[in-house]
Amino acid sequence: MNSHDSLAVKAIIRRHKRWDVIFALLGLMALAVGILTLAALFVDMAVAGIPRLNADFFTSFPSRRSAQAGILSAWVGSILVMLVTAVVAVPVGIAGAVYLEEYARRNVLTSIIEINITNLAGVPSIIYGLLALGLFVYTFGLGQSILTAGLTLALLILPIVITTTRESLRAIPQYIREGAYACGASRWQVVRQHLLPYSTPGILTGVIIGLSRAIGETAPIITIGALTFIAFLPPMPFSGDPPAGLFEWLSSPFTVMPIQIFNWTSRPDPAFHQNAAAASFILVFMTLAMNGLAIWLRYRLRKNIKW
Amino acid sequence: MPSTITLPEPPPVLKAQSNNLDFYYGSFKALKGISMPVYANRVTALIGPSGCGKSTFLRCFNRMHDLYPGHRYDGTISLFPDGVNILDKQVDPIEVRMRISMVFQKPNPFPKSIFENVAYGLRVRGESSRSFLEDKVEAALRGAALWGEVKDRLRDLAVNLSGGQQQRLCIARALATDPEIVLFDEPTSALDPIATGSIEELIGEIKHKVTVLIVTHNMQQAARVSDFTAYMYLGDLIEYGETKEIFMKPKRKETEDYITGRFG
């Protein structure tokens, strides 16, 4: 190789390295666009809404007077609905995923079920609202209640829970399963003593991501009839005389955060718009906090699971 | 100083016998008419080139194939002294696995503590008494020559042990339930030579308590460790005999070609 060749090779390498840098910059710019847009939105909402935040805002009911209006019924409603959603979606989703991954045979029927679950994740949320209206509100007679809202949102996030659970189960290597079976474990023992504990970080992440999506869903909740002006709180869960009194809260009318925000945004008074900005800030903060919790939990739990 | 007196070994007693065993993965016939004894308290090695069916044959002994669809056993493996055919559909694979345990090629400790790993086989059987488990775990870890190294850190995660220690942990896990046979599927192929040496030494010791059936890719290991050897090729059992005979005076030319390295 003479000196002329090595100069040509150096030029080629320099050109390739230039493309490396260009691509890295393009990627960075794309990332920046996404993050800066989100940050700008968040900051805009924060600047508009934070001045309105005080203790009264969290503890007051909505009112015709903007200065006295608060989100008490909205955030309590959101939390209660999330509670029902989680209690329904988590066991059903995990059980479904475990069945599909560990028990079901690989045949046409299972493939159809899998395709359907993936499709359900893409169904517009208003369709879930219409389904819930017909099925839960009228056919089952559950009324326009927290229970109905929780069931509807549970159906909505079920595909997320099932899919993340399946992915977590699949991440467990086959040789761990074989080791457990070789010790004389039954399939249920392998699931309960190995597979579920090892996939807990993934499952938890999926559940929290599902819930943080559900907390912002408006269309299905409106469809099933969440009210927009609630000046009372649903009864405390599990208060009241047993047995029926424990579940009174489930059949109560209610409202949730997105609906309260929507209601305030559609009023002409700009003071209500500030209320809406403040409530939106809270809602986004709750969503970010839930996602942050998911990431932290995943980090903490994943530390002990290695293979 | 009196020299050590080695007593002659008692004559071998039959622990298991495979009779005309065929095995199918779907329509592919992986094992063809394997008939072979496994003697109690001896080490029997299965050797042969890749794809010859030695791991397939080994995994018949603890019904591992039952975990995957499309398997079919044809023929019997009888376990003595009761003479039950462990391949029979009526026989629960879990019962078989409680009498015959396995050590895998890649050390596969569970992501749990060292104690929980070794105790797992006992927990699966419903044992929960703390003192009982502690005694059994200590005995198993001593049997696997690991007790000294881990006795102060039984609560530590097993996956933080070195490769050789992890494999000895898996052996302890296999021994904790007092099995009749321990199956080894190429147990040292993922380990360095020093760890390999300690595992081989261990196998030589545990054979006094259990029967060992070991698959190995390494002929020299089979010669070092085993009392009986079976040479397999493409699903057939070509030759079986005492290790000394197989390696010094093989009866079949195919065996001799493999042993001398002319083939495989």
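Cut-offs and rules
- Residues numbered from 1 in each chain as written.
- Chains lettered and ligands numbered in written order.
- Predicted model: local features only at pLDDT ≥ 70, side-chain atom pairs only at ≥ 80, totals over all residues.
- Helix = DSSP H or I, 4+ residues; strand = E, 2+ residues; numbered from the N terminus.
- Buried ≥ 20, exposed ≤ 12 C-beta atoms within 10 Å, placed from the backbone.
- Pairing = 2+ DSSP bridges.
- Axes fitted to C-alpha atoms, helices over the stretch in contact; angles between N-to-C directions.
- Contact = placed C-beta atoms within 7 Å.
- Expected span 1.5 Å × (residues − 1).
- Bend = angle between axes of the 7 residues up to and from the residue.
- pLDDT = per-residue confidence, 0-100.
- Nonpolar A, V, L, I, M, F, W, Y, C, P; charged D, E, K, R; others polar.
- Core = buried A, V, L, I, M, F, W, Y, C linked by C-beta atoms within 7 Å.

Asker: Any chance you could break down the overall build of chain A for me, citing the residues and the numbers?
Answerer: If you tally the helices and strands in chain A, you get eleven helices and zero strands. Its helices and strands taken in sequence order, chain A reads α-α-α-α-α-α-α-α-α-α-α from the N to the C terminus. Dimensions of chain A, computed from C-alpha atoms along their principal axes, come out at roughly 90 × 60 × 35 Å. Within chain A, buried positions represent 35% of all 307 residues.

Asker: I'd like a description of the sheet that holds strand 6 (residues 100-103) of chain B, backed by residues and values.
Answerer: Residue and element names in this part refer to chain B. Pairing within the open sheet is mixed, and its six strands lie in the order 6-7-8-3-9-10. Edge positions in the sheet fall to strand 6 and strand 10 (236-242), since each has one partner strand and no second. Each strand of the sheet is rotated relative to its neighbour by a mean of 20 degrees, with strand direction disregarded. Here strand 3 (residues 43-47) runs beside strand 8 (residues 211-215); their pairing, made up of four bridges, is parallel. Bridging from a neighbouring strand, valine 43 pairs with valine 212 of strand 8. Seen against the sheet, helix 6 (residues 163-175) touches strand 6 and strand 7 (181-185) and runs at an angle of roughly 175 degrees to strand 6.

Asker: Pulling in residues and values, what's your account of helix 6 (residues 146-170) of chain A?
Answerer: Residues and elements named next belong to chain A. Here helix 6 is 25 residues long and its end C-alpha atoms lie 35 Å apart, about the 36 Å a rise of 1.5 Å per residue gives. Where helix 6 bends most, the angle comes to about 45 degrees, and this point is isoleucine 157, followed within four residues by the proline proline 159. Counted residue by residue, helix 6 has 22 buried out of 25 residues, so it is predominantly covered.

Asker: So what's going on with the confidence of the model for chain B? Which residues, and what values?
Answerer: Across chain B, pLDDT averages 92, with 97% of residues at or above 70. Of the two predicted TM-score estimates for the complex, the pTM is 0.85 and the ipTM is 0.93.

Asker: Explain the interface of chain B and chain A to me, and be specific about the residues and the numbers.
Answerer: Contacts between the two partners involve 21 residues from chain B, matched on the other side by 18 residues from chain A. Residues belonging to the side of chain B that touches chain A are distributed by class as follows: 13 nonpolar, four polar and four charged.

Asker: Give me the lowdown on the environment of alanine 231 of chain A, citing residues and values where you can.
Answerer: Residue and element names in this part refer to chain A. For alanine 231, the position within the fold is in the loop between helix 9 (219-224) and helix 10 (257-265). With 11 C-beta atoms counted inside 10 Å, the residue alanine 231 sits in the exposed group. Remark: the alpha-carbon pair of alanine 231 and glycine 70, spanning 161 residues in sequence, is separated by 10.0 Å. The residues contacting alanine 231, other than those within four sequence positions of it, are Phe61 and Pro62.

Asker: Describe the nonpolar core, and please don't skip the residues or the numbers.
Answerer: Core analysis: the biggest nonpolar cluster contains 138 residues, and Ile157 and Ala279 of chain A together with Ala172 of chain B have the highest contact counts within it. It is helix 6 of chain A that contributes the most residues to this core, 14 residues altogether. Leave out the neighbours within four places in its chain, and alanine 279 of chain A touches Ile71, Ala74, Met257, Gln260, Ile261 and Trp264 of chain A.

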